[in-house]
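Coordinate analysis (summary)
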Amino acid sequence: VQLVEAGGGLVQAGDSLRLSCAASGDTFSISAMGWYRQAPGKQRELVARITRVGGSTNYADSVKGRFTISKDNAKNTMYLQMNSLKPEDTAVYYCKTWGFARDYWGQGTQVTVSS
């Protein structure tokens, strides 16, 4: 499985961004997709996750009510709509897939929120 992320950038506090993650290859092996983020000097943390079948979601407490994860199975693409961004959301955001055989990671996309 190959993952290509897009949509990062530099925004001001309160702005919105939408990240996308397009999967290709053995996408039938994917059971769930999600977003992690890693800020400088901090551990990588799960931001949001969505199952391929049923679309069940879960979010980190810090983003609940502001971020929305969604997917388009026909396009094998996952999205993360990020609203009301805060400086503490600044991080490299990574796409991840959970699979029946193994997990895969994207290359990461930088999100920077200025105050």
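Residues numbered from 1 in each chain as written. Predicted model: local features only at pLDDT ≥ 70, side-chain atom pairs only at ≥ 80, totals over all residues. Heavy atoms only, no water.

Right, let's get into the overall build of the chain. What the chain contains, in helices and strands, is zero helices and 11 strands. If you list the helices and strands of the chain from N to C, you get β-β-β-β-β-β-β-β-β-β-β. For the chain, the C-alpha radius of gyration of 13 Å lies close to 13 Å, the compact-globule estimate for 115 residues. In terms of principal-axis extent, the alpha carbons of the chain reach across some 40 × 25 × 20 Å. In the chain, buried positions account for 41% of the 115 residues. Summarising the internal contacts of the chain: among those between residues at least 6 apart in sequence, 52% fall at separations of at least 24. Accessible area for the chain stands at about 5900 Å²; split by element, carbon and sulfur atoms hold 48% of it. Within the chain, one finds 13 positive and 9 negative side-chain charges whose respective centroids are separated by 3 Å. (Helix = DSSP H or I, 4+ residues; strand = E, 2+ residues; numbered from the N terminus. Rg over C-alpha atoms; globule rule 2.2 N^0.38 Å. Buried < 20%, exposed > 50% of the residue type's maximum accessible area, 1.4 Å probe, protein only. Contact = heavy atoms within 4.5 Å. Areas by Shrake-Rupley, 256 points an atom, 1.4 Å probe, with all protein chains shown as cover. Lys, Arg positive; Asp, Glu negative; His and termini not counted. Charge placed at Lys NZ, Arg CZ, Asp CG, Glu CD.)

Let us look at the pattern of salt bridges. Inspection of the entire model under this criterion finds five salt bridges. The partner of arginine 37 in a salt bridge is aspartate 89, and the shortest N-O contact between them spans 2.9 Å. Taken together, the residues arginine 37 in strand β4 (residues 30-38) and aspartate 89 in the loop between β8 (77-82) and β9 (91-99) connect sequence positions 52 residues apart. Under the relative-accessibility criterion, arginine 37 is labelled buried at 5%. On the accessibility criterion, aspartate 89 (1% relative accessible area) is buried. With its nearest N and O atoms 2.8 Å apart, the salt bridge here joins arginine 66 to aspartate 89. Here arginine 66 is found in the loop between β6 (57-59) and β7 (67-72), whereas its partner aspartate 89 is found in the loop between β8 and β9, with 23 residues between them in sequence. For the residue pair arginine 66 and aspartate 89, the accessibility class agrees, reading buried in each case. Linked by salt bridges that have partners in common, Arg37, Glu45, Arg66 and Asp89 make up one network. (Salt bridge = Lys/Arg side-chain N within 4 Å of Asp/Glu carboxyl O.)

Let us now look at unusual backbone geometry. A positive phi is found at asparagine 76, a non-glycine position, where the angle reads about 50°. Looking at where asparagine 76 falls in the secondary structure, it is placed in the loop between β7 and β8. For serine 84, which is not glycine, the phi dihedral falls at a positive 50°. By the secondary structure assignment, serine 84 is in the loop between β8 and β9. Overall, the relative accessible area of 40% leaves serine 84 in the partly exposed class.

In this section: the nonpolar core. In this structure, Trp35, Val47, Phe67, Met78, Leu80, Met82 and Tyr93 are the most contacted members of the largest nonpolar core, which totals 27 residues. Secondary structure elements with two or more residues in this core: β3 (17-24), β4, β5 (45-51), β7, β8, β9 and β11 (109-114). If you tally residues by element for this core, the top one is β3, at four residues. Among all residues touching methionine 82, those that are not within four sequence positions of it are Asp15, Ser16, Leu17, Leu19, Arg66, Phe67, Tyr93 and Val111. (Core = buried A, V, L, I, M, F, W, Y, C linked by side-chain atoms within 4.5 Å.)

Keep in mind these numbers describe shape, not what the thing actually does.
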